Each structure stands twice: as C-alpha cells, then as structure tokens.
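Here is how the chains run, residue by residue.
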Amino acid sequence: METNLIGGASNYCYLQKFRLYETRSNFYMIGRDKNRTLCRVLKIDRLEPSELVVLEDSTTYSESECVDLLRRIHEGNKSTGGLKFVTICYGIVGFIKFLGPHYMLLITKRRKIGAICGHTVYSITKSEMIPIPNSTVQSNMTNSKNENRYKKLLCTVDLTRDFFFSYSYHVMHSLQKNLSCNETGQGHYESMFVWNEFLTRGIRNNLKNTLWTVALVYGFFKQVKLSVPGREFKLALIARRSRHYAGTRYLKRGVNEKGRVANDVETEQIMFEDVPEEQPVQISSVVQNRGSIPLFWSQETSRLNIKPDIMLSRKDQNFEATKLHFENLVKRYGSPIIILNLIKSREKKPRETILRAEFANAIRFINKSLPEENRLKFLHWDLHKHSRKATNVLALLGRVASYALNLTGIFYCQVMPSSSSKGLLNGSCFEERDGDYSLENPSSDNVSKLDSEIAKAECDANQNQSINVPMFQSGVLRTNCIDCLDRTNVAQYAYGLVALGHQLHALGYMESPSIDLDNPLAEDLMRIYETMGDTLALQYGGSAAHNKIFSERRGQWKAATQSQEFFRTLQRYYSNAYMDAEKQDAINVFLGHFQPQQGKPALWELDSDQHCDVGRRGPDLVENARSFIKRSLSDGNLRCENESPVAANIGYSKPLSEKEGGVNNGLSDSNPEISTCESDISYSRYTPSMPCRKLFKDVEEYQCFESNHICYDEHGDACSCSNFLDMDWLSTSGNSCEEDLCDR
C-alpha cells in the first residue's frame, strides 16, 4: 500500500493543496485532498533554534472540523498574537540548514504541463524559502554574511525551470516500471532521478510517509497532441537527469569509482490514445539512455583555451568502474545493453580518439568475462566524419535504431477504464488474454553482420501482433558523444522516430511500423527532440544545443545556421569558463553533497569537489585541497551515517557475468543498492598525445577501428565490422561544430 495516500489503498486520495498558518510557537500546515473532503494537520516547532521538530496529527478531519480546530488554536494563542495565515502552497520541496536555522522550501504556484492516463504532471511556477524559528529565538548566524551567501547560492537552483512532479503518478520511474512493480512512497524518493531526496530525507524518516512532500524530477517534460489520418494521439517526451555525479560540463566528466557517469539522462517516449476516460486506453513507451563515456577522464576548465585537452587516467586497469556502470544499466533496464559511440575516429591531434580507443578496450575487456548472450553490443560510429546531407544522417541512424529496437522491444499494454486512476501504480491494469500477460522480446541470432540483424528487425516489425497482449522492453540503447548533448540528441531523435512507428503500429494506428522522414509526424517529433536537446544542453553545457543537422533537414539558410552555431559556441564557452563553478556549488548544496558546518571551511574557500570529504578525512585534506586537479569527482558523499529509510548495499544483485533469464519485469532503478556514503575520490593525469595506432594492441584491431564502417564489437577478442554503412555520410552537429569554428 502506498504510504502517501489517505484512507488505504482503495481510495488513492493524495494531499494536493496546503495552507500554512503560524503562531509564535508553531507552524501549522493544513493539507487536503483534491475533492476537499479530507484534511490532515502538520505542526512544526518554531521555538527550537537549530533542530527540526515536526509532528503529524494522525487524525483525519473533515473541512468543517479543520476550521473548528484552527479556531481553537487561534483562541489558545491570542496572548501572543493568535493564528496568522502565511501562504497557500502545493507541497514541501524539503528542509535545509546552513549555519543558522532550518528553512522550509515550499511550492507556492504550480502549472499543469501534462497528464498520463488521468494522472496530472505539474511544473513549479513559484517557490518560497521560509525560516522555521521565529525571530526571537534565531541564532546570531541567521543573518551572518556566510549564511546569506549560502541562501543566495541555493536560490540559483531555479525550481521554476525544468523541475516537474506529480502527486499520483510516479514520474521518476518509467511507465513500464510503474505498471510492473509495487514500491512504497519512501522507496520512490530513493530513485536516482529525485533531486530533492536529500532535502526531504529528514521529514520522511521522521513521519515515515511522503504525504507532505513532492518528489521533484529534473530534466525535461513535454506533452503534445499529434495525429495520423483519421486518429489523434498524445505523445509525452520525458528526460530524467540523474542526481548522482550531477553537475556542469567541464566539472563533471566520465565516471566515478562507483560506476556513476556524468550527464546520465534517461529519455522516455510515451504515446497513448486520445480517448475519453471511460474507455480502455492503449499506451506504449520506449526508453533510451545517454551518459558520459564511462572512463576516468576530464577536461580542465580554461579561459584561454576554448578546446582544452582531454586527460585520461590510467588507474583503472581492470575497468572496474566501467563494469559497475554497465552492471547498473543491466539492473535498471535488463539485457541487452547496446552502446552507440558517436565520437571521432581520426583527428590531427588526438583528443576524442584517445577516449574512443580506451572505450573500445574497456568493452572488449569486459566482454571477455561474459557469456555470449550477455555481452555488450558496441557500435562505433563517427558522426562527424563524412556526409554532407542531413537526410543521409537520419536515414542511416534510423537503421541503427531498427537494429536496437529489434533487440530490446518496446513496452505496450492496454489500461482498462476501472484501473486508469490507480492501475498505473500497482500493475493491475493489464488485461489478461488467454492467461498470458507478457510478450517476450524478439532476440537476434548470433550473426556477424548488422545487415542481417536489420533485415530481421524489418521482417519482425511488419508482422501483425495482437494489440491486447502486453509487450515489454528489455535492454536499452545507450548513446554518447563527448558531451552527450548535440550529436547524441540527433541520434536519440532518429531512435525516437523509428520507435514512434513501432508504437503506432502496436496501437493499430498504422499498418507499417515505418515512418518516412518526409512524414509530417517526423517534423513534429523533430521539434520536440530539438527542444529537449536545447533544454538538456543549457542544464549541462550552458547554451542551447547545436542543431545543424535539424536546421539542414528543414532547409534553413546556411549562413543563418552558421551564425547561430557560432553564437552558441561562444555562449557555451563563456558559461563553462565563468559561470559553471558557482552553478556546481549550488547543485552540490541542493543535493546535499556539501553540508556547511560552523568551524569548517566555507564552500567557496575550497577547490574542486574535495569538500565532499571535509569532516571525514581530517584537517589535512583542507590544507591540501588546492593541490588537486580541478575536476569534480563526487557521487554525493553525504553523512557517513546511512539515513536512508531503505537499506543500502554496495553492489548489484545481478552482475553482468550472470545470465539474464526470462522477461524483464520492468525498467528498474538500482539506486537503493548504492550507498550515499560512498567515497569517490579519483585522480586524473594528462596522457601525452600519441598516434591512435599505439593505443591498440595490434594492427588488425586498429585497422578495423579506424575503418569507415561501423565497428560492431560484442565479442572479446575481435572487432567485427559491418559494411552496411559503407558510404560517405554525416555532417556534424554539436561538439564537432565547436571544433570546426575553433579550427577556422
């Protein structure tokens, strides 16, 4: 049973609107459900100057009973000013303490941005931070210079941009997981995609419920209505950013020792019928992933060099962190894991090629220890290299998407009208058809050429399938370039377009699962992915994404496109060089990676993210902090005491070396298995430039790796090349555009 509902599992009534009152000694928060039939009361002590004391009234009141209770509280506090109304709010974001009192973060205005089967999703349009103690008991630190600076720093995390939440739908999870798993309200906050997990931890642990707080997801949410001839449907595109190893472009790179990567984003494309609520609803989703190259690498922020060198650490000889990362992906998504690597294969001065070679070595090393059916499927694809036509780029990426979708499948089910409001949360909405609730994903024979894989995908996709039998996605496509912003977004769009065809086919909207690039749907979807790409690029890189391929596809004037790309390059450079340090500090405070303490150095007195270990390694660390390379290395080291309501175990229940069996029952989140007290200090050192040939063990591997073909490497010893893309193709977007401008 969910812990954040009133009256048991049968009601599914959530507190959605709150009124905050104050007396001299307490705050009183009154929460009511959507129908204004049930009220609950929360009391927060205002006489305690430093500790947070929160008490919940276990009684459920009617609205009239609640009014009477407030009247009695007012009468009892008349001598000290009585009861005063403070504000209307829509949930608690959390509580935070710097050097003085605790503060309460509230959502005071919200906006509906979409709905999934009747479950509304909101964004924040206004928030407030309110100190808890009254003015007579506040400490001297309340208005100190450092306290005010911390408050100002926290406010730079703009809750009104790109945060979203829902009271009744677990938006931090994929649709497939919501339909397949039962978890408590506490467990949902442990998700790697809930950014206020730290801020809400105290009240959740105290009250043992999530009735008063909202779980904020950071990334992108967009819902639109689209149509095919004669029928309409709704499409939602959701991007969820991981709170682990989170930060800005040059300060968070690669992987940390626990396998968490920078810029880890889960993208989910949901489509469902636009039908009245009383009718059964067909719904489908597809999930893909982007994330930094899972190696120990970094780039030093430079105000003089717009294209700083890539530094690769050699300390992880057995690629343990890389292996942990892919074990985490298997835990979250099942098998197979398909890796699409878009970085360059040739450069005058090795930069990307250093990572390309090391990444190939890592996958090859990991695959040697895996059974054949569980090996990582690795696609090398130099997106910058050849083509001059955007149409060719998208068409060829579409072939890779068909290959990946053939391996992973998509999620599809039918939600019955009686289940639409609660079935999405308890897995009860599947309609049984001859006792079968699932459809195993099609798997490929072990063939050497990608052409045969894609031919099989196209053949399977054209077969008619029953729309009443649920289908499940098992495995995921993981795409990366250098920043996982620009080139990656183009590839994710191509995947989303192919997936949309399969989704429409599964719902019976189209006879064929193929959507032509000239179809109006392709243009509609491109604009949504372009908006998502701009949003994610601003969050991580400081500017909108480079969209050269999208612009060329739409036939925009070349000179205008070039000037726009140049401006975005300068904007990104300025943000990275001058703005990212403060932005990273704000993220670390918000996520709890740094917690201010009296008598300890302030955040702005420390270099890098070594502050995450202050208080745990003694004073010597502070003295030597400035000697470290300025690279952000933490995964979020909080207090050593594990305050999480869910037991944390380091490791994974299903390592990569184990054989995956059966159908994956959901795209699961592995984060309860990751301790929040991890120590993630790692060091980077500069690797001198060297020819790419020297990074390979033999000439044969090098020739295969550097060929103009896709290099498909899922076996341990050899790199099996497919020539189905043996043609000049692909102009650049994104990172490579920056380099072209710099070279000029």
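In this text, all values refer to a predicted model and were calculated from it rather than measured experimentally.

**Q** When you look at the overall build of the protein chain in this model, what are you seeing that I'm missing?
**A** Helix and strand counts for the protein chain stand at 17 helices and 21 strands. For the protein chain, the exposed surface amounts to about 28,300 Å²; the carbon and sulfur share of it is 47%.

**Q** Honestly, the sheet that holds strand β1 (residues 15-22) in this entry has me stumped. Any pointers?
**A** In any sheet, the strands associate via hydrogen bonds between backbone groups, in a parallel or an antiparallel arrangement. Judged by pairing direction, the sheet is antiparallel, and its five strands sit side by side in the order β4-β3-β2-β1-β5 without closing on themselves. Only two strands of the sheet have a single neighbouring strand rather than two, namely β4 (54-61) and β5 (84-89). Averaged over all neighbouring strand pairs, the angle between strand axes comes to 20 degrees, with direction disregarded. Judged from the five bridges that link them, β1 and β5 form a sheet pairing that is antiparallel. Of the residues in β5, the one forming a bridge with L20 is T87. Across the sheet, helix α1 (residues 63-76) lies against β1, β2 (26-33), β3 (39-45) and β4, angled at about 135 degrees from β4, the strand it touches most.

**Q** Looking at this model, I keep getting lost on the confidence of the model for the protein chain. Mind explaining?
**A** The pLDDT averaged across the protein chain works out to 76; a share of 67% of its residues lies at or above 70. Note on residues 461-467: pLDDT is under 50 here. Beyond four places in sequence and across chains, it has 15 contacts. Within the model, the stretch residues 668-744 combines pLDDT values under 50 with 258 contacts to residues more than four positions away or in other chains.

**Q** Would you mind going over the environment of T87 with me for this structure?
**A** Tracing the backbone shows T87 in strand β5. Along the backbone, T87 and M29 are 58 residues apart, and their C-alpha atoms lie at a distance of 9.7 Å. Discounting chain neighbours no more than four positions away, the residues touching T87 are F18, R19, L20, L106, T108 and E128.

**Q** Teacher, can you tell me more about the packing of aromatic side chains here?
**A** The geometry of two aromatic rings is summed up by the distance between their centres and the angle between their planes. For the structure shown, the criterion picks out 19 aromatic pairs. On the numbers, 5.6 Å between centres and 65 degrees between planes, the contact of Y122 with Y167 is edge-to-face. A residue pair is termed long-range when its members are at least 10 positions apart, and Y122 in strand β8 (residues 119-131) and Y167 in the loop between β9 (163-165) and α3 (175-180) qualify at 45 residues. An identical accessibility class is assigned to Y122 and Y167; each is buried. Ring pairs connect the aromatic residues F98, Y103, Y150, F594 and W604, which therefore count as one cluster. One residue, R46, lies across the ring of F27, its end atom 4.5 Å from the ring centre. One cation-aromatic arrangement involves R110 over Y122; the distance from NZ or CZ to the ring centre is 4.4 Å.

**Q** How should the packing of helix α11 (residues 486-506) against helix α12 (residues 520-540) be read in this particular structure?
**A** Contact pair α11 / α12: the axes reach a minimum separation of 10 Å and the direction vectors enclose 135 degrees. Considered as vectors, α11 and α12 are oriented oblique to each other. Handedness of the crossing formed by α11 with α12: right-handed. Within the contact between the two elements, α11 uses N489, Q492, Y493, G496, L497, L500 and L504 and α12 uses L521, A522, L525, M526, Y529, E530, M532 and G533.

**Q** Would you mind showing me how to read unusual backbone geometry here?
**A** Leaving glycine out, the prevailing phi sign among residues is negative, and the prevailing peptide bond configuration is trans. Look at the link from S335 to P336: it is a cis peptide, with omega at 5 degrees. Its location among the elements puts P336 in the loop between α6 (320-333) and β16 (337-341). Phi at N263 is positive, roughly 50 degrees, even though this residue is not glycine. Within the element layout of this structure, N263 appears in the loop between β11 (231-241) and β12 (265-273). Notably, C484 is not glycine yet its phi reads approximately 60 degrees, a positive angle. Among the secondary structure elements, C484 is positioned in the loop between β19 (476-480) and α11. Relative accessible area serves as the criterion here: at 0%, C484 is assigned to the buried category.

How each quantity is defined
- Residues numbered from 1 in each chain as written.
- Predicted model: local features only at pLDDT ≥ 70, side-chain atom pairs only at ≥ 80, totals over all residues.
- Heavy atoms only, no water.
- Helix = DSSP H or I, 4+ residues; strand = E, 2+ residues; numbered from the N terminus.
- Areas by Shrake-Rupley, 256 points an atom, 1.4 Å probe, with all protein chains shown as cover.
- Pairing = 2+ DSSP bridges.
- Axes fitted to C-alpha atoms, helices over the stretch in contact; angles between N-to-C directions.
- Contact = heavy atoms within 4.5 Å.
- pLDDT = per-residue confidence, 0-100.
- Phe/Tyr/Trp six-rings, centres within 6.5 Å; stacked < 30°, edge-to-face > 60°.
- Buried < 20%, exposed > 50% of the residue type's maximum accessible area, 1.4 Å probe, protein only.
- Lys NZ or Arg CZ within 6 Å of the ring centre and 35° of its normal.
- Parallel < 35°, antiparallel > 145°, perpendicular 65-115°, else oblique.
- Left-handed = near helix turned anticlockwise from the far one by under 90°.

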